Amino acid sequence: MTETAPAIPEDVSKADFAHSWLQERIRSQEYAPGHRLVLSSIASTLGVSVVPVREAIRRLEAQGLVTFQRNIGAQVAMIEPAEYRSTMEVLGLLEGKATAVSAPRMSAQDLCRAREVNAQMEALLEDLDPQRFTELNHEFHAALTCRCDNPRLTSLVEAEWARLAQLRSSTFAFVPDRARESVREHAQILGLIEAQASPEEIERACRAHRLATVNSYLRSQSAG
């Protein structure tokens, strides 16, 4: 059965529509890293010529979401392990410090919110939705750094989160087993904050948490 082509709004160009359509599928990992993007097939699905699809793919390449390889053509970009590792290490350093600064200022309500988010993450473990899990993971860490009174530090943390999102929408799609460990480590970090542990201990725990995710991902790539 032939799939019906989606309706393109009159005020949206075919290239813009193709770009948004492809970007959504790459971000959601419907088109996973390494997935070949065949222009003729995409054009047929969208009910357009290959010209706007080619333009859309060039824009995605400029964003770093698509690469071209000789004799293969366009494909969804793979994570560059070294780039991913450096981004996560920097995020761990910044986020660890921001959490340590925020911790003494967190209210009971702030801690309750963080626990609620972690509980939502735990509820996803049996039927993992990597994208949703990652969104909640971001919410959890945002809750831990919400009382950081250093705006420059907060800005840097947010910049690294944005950088990480550009590399890949969800690490947990590659290492689903890491999700359960992540939830457990979240609970441990919350325990340290509630026990009024030293800023140094909280910072170390946050950094170790990030590095554990990095190492889990890198091991999965080596095994592959």
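Quick note: structure is the one above.
Presented here is an overview of the structure given in this document.

Our focus in this paragraph is the overall build of the protein chain. Looking only at helices and strands, the protein chain features nine helices and two strands. The order of α-helices and β-strands along the protein chain, N terminus first, is α-α-α-β-β-α-α-α-α-α-α. A principal-axis box enclosing the C-alpha atoms of the protein chain has dimensions of 60 × 40 × 35 Å. With 224 residues in all, the protein chain has 42% of them scored as buried. Contacts spanning at least 24 positions in sequence make up 74% of the contacts within the protein chain whose residues lie at least 6 apart. A total accessible area of about 12100 Å² is found for the protein chain, and carbon and sulfur atoms account for 49% of it. Across the protein chain, the 25 positively charged side chains and the 30 negatively charged ones have centroids separated by 5 Å.

Quick look at the environment of Leu22 now. Relative to the helices and strands, Leu22 resides in helix α1 (residues 14-27). Between the C-alpha atom of Leu22 and that of Ala74, which follows or precedes it by 52 residues, the distance is 12 Å. Those residues in contact with Leu22 that lie beyond four places of it in its chain are Tyr31, Leu37, Ile42, Ala56, Ile57 and Leu60.

This brings us to the packing of aromatic side chains. Applying the stated rule across the entire model yields three aromatic pairs. With centroids separated by 4.7 Å and ring planes inclined at 70°, the aromatic side chains of Phe133 and Phe172 adopt a geometry described as edge-to-face. Within this pair, whereas Phe133 is found in helix α6 (residues 130-144), its partner Phe172 is found in the loop between α7 (151-167) and α8 (178-194), the two being separated by 39 residues in sequence. The two residues Phe133 and Phe172 agree in class, both being buried.

Moving on to the packing of helix α5 (residues 108-123) against α6. Packing of α5 against α6 brings their axes to within 9 Å, and their N-to-C directions diverge by 165°. As far as their axial angle goes, α6 and α5 are roughly antiparallel. Read as a crossing pair, α5 and α6 show a hand that is left-handed. Here Arg113, Ala114, Val117, Asn118, Gln120 and Met121 of α5 lie close against α6, whose contacting residues are Arg132, Phe133, Leu136, Asn137, Glu139, Phe140, Ala143 and Leu144. Tallied by class, residues from the contact of α5 with α6 come to eight nonpolar, three polar and three charged.

What counts, and at which threshold
- Residues numbered from 1 in each chain as written.
- Predicted model: local features only at pLDDT ≥ 70, side-chain atom pairs only at ≥ 80, totals over all residues.
- Heavy atoms only, no water.
- Helix = DSSP H or I, 4+ residues; strand = E, 2+ residues; numbered from the N terminus.
- Buried < 20%, exposed > 50% of the residue type's maximum accessible area, 1.4 Å probe, protein only.
- Contact = heavy atoms within 4.5 Å.
- Areas by Shrake-Rupley, 256 points an atom, 1.4 Å probe, with all protein chains shown as cover.
- Lys, Arg positive; Asp, Glu negative; His and termini not counted.
- Charge placed at Lys NZ, Arg CZ, Asp CG, Glu CD.
- Phe/Tyr/Trp six-rings, centres within 6.5 Å; stacked < 30°, edge-to-face > 60°.
- Axes fitted to C-alpha atoms, helices over the stretch in contact; angles between N-to-C directions.
- Parallel < 35°, antiparallel > 145°, perpendicular 65-115°, else oblique.
- Left-handed = near helix turned anticlockwise from the far one by under 90°.
- Nonpolar A, V, L, I, M, F, W, Y, C, P; charged D, E, K, R; others polar.

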